[in-house]
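Breakdown of the fold
Listed below, chain by chain, are the residues.
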Amino acid sequence: MSACSLFWFPFPYTVMLTAVAGLFFPPWLLIMGVFADALYLPQGTFPFMSLCGALLTVPAIFAHRFLKARLITA
Amino acid sequence: MKMQFSRRNRIFLFRSWRPLLLFVGVLLLLLVVRLSFPNFFLYVTSPIYSLGRVFSETAGYMENAKLLREQVTQLSEERDALLEENVRLKDELSSLEALPSDEGIVVRVEARPPVTPYDVLIISAGTDAGIETGRIVYSRGGTPVGTIADAGKHFSRVSLFSSYGVSTEGWIGEDAYPVTFIGEGAGAFVAKVPREATIEEGDIAYISSRASAFGSVVKIHKDASMPEAILEIRPYINPFSLLSVSVARNAP
């Protein structure tokens, strides 16, 4: 759903759906960041989305493992 | 010896590095493809954009069939009247100076803000239609909205003047006060002028390359402690609703 949102829905919704998906599959944040840059990044612009995806994947991994270990609940 | 197992310790261990290496390899491959073939992903995903357009159009059509039939009848009558006026106006058109948009290549906008994150437009034309990097892009009314950031064979990306941090030279008002417009994203601009500049709210803002009016000053922030006044400029065109644009045939 978050992948389709990248084509159809406003970007804030895409970010929200990707964040939720990232709790269950953390690399999805980086994948979506790279995918957004692959589609929309103009030449000469810093790949901000890829960087955000990479930075947010790390805490998402920990959140995912905490969820899995039931240290926190969704 | 009894081993103490802690849930917390297991959280920080990776069971195997192979999936991680595979994942990094796939990401590197994606980056190489993106750099080598900038429009590859747009080619692959263009059917998804079309599908979204089909869904939204179909939902609109199915809403009220009877109302639509009545509208069709009414519009047919209006069309006949407009056709007559069209013939009359075409005779007068040849005597009018062409607007910049009339000299341009009209293309459809596939994706626009807020769907796109960088204040860019994706248009369905590229080098095969004569589009080159750096060309100015106009809305259908002749208002400049951006420039071609990169052009592939069948798709191009338009960087809007209102993209965050993008600077564009121009002037304001009938006195042609020179300013630099700085994009704030989402179609908004600001400009900094000396506090004593004779600019008022409602003055028209122009892009210098074509002397085209593109917006007006909506608010002026002046602070006695600052030597500069900050102007908020609202463009005439809302980039969120652009369905088609016109790309200039010649470089600025």
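First things first, this report covers the structure right here in the doc. Source: prediction; values computed, not measured. (Residues numbered from 1 in each chain as written. Chains lettered and ligands numbered in written order. Predicted model: local features only at pLDDT ≥ 70, side-chain atom pairs only at ≥ 80, totals over all residues. Heavy atoms only, no water.)

A short note on the overall build of chain A
So the rule is basically this: Each helix is a run of H or I in the DSSP string that is no shorter than four residues. Each strand is a run of E no shorter than two, and both are numbered from the N terminus. Note on exposure labels: buried denotes an accessible area under 20% of the residue type's maximum, exposed denotes more than 50%, and partly exposed covers the range between, all computed with a 1.4 Å probe on protein chains only. Contacts are assigned to residue pairs with any non-hydrogen atoms lying within 4.5 Å of each other. Surface accessibility in these figures is a Shrake-Rupley result with a 1.4 Å probe; residues are shielded only by whichever protein chains are displayed.
What chain A contains, in helices and strands, is four helices and zero strands. The secondary structure elements of chain A, listed N-terminal to C-terminal, are α-α-α-α. Here chain A holds 74 residues, and 41% of them are scored as buried. Counting only contacts in chain A whose residues sit at least 6 apart along the sequence, the fraction spanning at least 24 positions is 48%. About 4,000 Å² of surface is accessible on chain A, with carbon and sulfur atoms providing 79% of the total.

Describing the packing of helix α3 (residues 27-40) of chain A against helix α2 (residues 18-36) of chain B
So the rule is basically this: Geometry is summarised by axes, namely lines fitted to C-alpha atoms with helices restricted to the contacting stretch, and by angles between N-to-C directions that run from 0 to 180 degrees. In this scheme, roughly parallel covers angles under 35 degrees and roughly antiparallel covers those over 145, while 65 to 115 is roughly perpendicular and the rest are oblique. Nonpolar residues are Ala, Val, Leu, Ile, Met, Phe, Trp, Tyr, Cys and Pro. Charged residues are Asp, Glu, Lys and Arg, and all others, Gly as well, are polar.
Two elements in contact, α3 of chain A and α2 of chain B, have axes separated by 10 Å at closest approach and are oriented at 10 degrees. When the interaxial angle is binned, α3 of chain A and α2 of chain B end up roughly parallel. Across the interface between the two elements, P27, L30, I31, V34, D37 and A38 of chain A of α3 of chain A pack against F23, L27, L30 and R34 of chain B of α2 of chain B. In terms of residue class, the contact of α3 of chain A with α2 of chain B is built from eight nonpolar, no polar and two charged.

Some details on the interface of chain B and chain A
As a reminder, the rule being used: Note on terms: buried area is the combined drop in 1.4 Å-probe accessible area of two parts once they are placed together, counting the loss on both. Take a side-chain nitrogen of Lys or Arg and a carboxyl oxygen of Asp or Glu: if they are within 4 Å of each other, that pair is a salt bridge. Any N or O atom pair separated by 3.5 Å or less is treated as a polar contact, with the protein-specific requirement of one donor-capable and one acceptor-capable atom, and with residues adjacent in sequence counted only for side-chain atom pairs.
The interface of chain B with chain A comprises 30 residues on the first partner and 29 residues on the second. Of the roughly 2,700 Å² buried where chain B meets chain A, counting both sides, 73% is carbon and sulfur surface. At the boundary of chain B with chain A, the tally comes to zero salt bridges. Seen at the junction of chain B and chain A, the total is 11 residue pairs in polar contact (both at pLDDT 80 or more).

What to know about the pattern of salt bridges
Residues and elements named next belong to chain B. A complete count under the given rule lists four salt bridges over all chains for this structure. The partner of D150 in a salt bridge is R157, and the shortest N-O contact between them spans 2.8 Å. D150 sits in the buried class, given a relative accessible area of 5%. Among the residues examined, R157 registers a relative accessible area of 0% and is labelled buried.

Looking at α3 of chain A
Residue and element names in this part refer to chain A. We count it as follows: What a helix is expected to span follows from its residue count: subtract one and scale by 1.5 Å.
When the terminal C-alpha atoms of α3 are compared, their 20 Å separation across 14 residues agrees well with the 20 Å that a helix rising 1.5 Å per residue should span. Of all 14 residues in α3, 11 are buried; the element is thus mostly enclosed. Here α3 has its buried residues at P27, L29, L30, M32, G33, V34, A36, D37, A38, L39 and Y40.

Here's the deal with the environment of F41 of chain B
Within the element layout of this structure, F41 of chain B appears in helix α3 (residues 40-61). Along the primary structure F41 of chain B and L30 of chain B are separated by 11 residues, whereas in three dimensions their C-alpha atoms are 9.6 Å apart. Those residues within four positions of F41 of chain B in sequence are excluded, and the remaining contacts are F35, A38 and L39 of chain A together with L30, V33 and R34 of chain B.

Take it as geometry only, folks, not as evidence of what the structure does.
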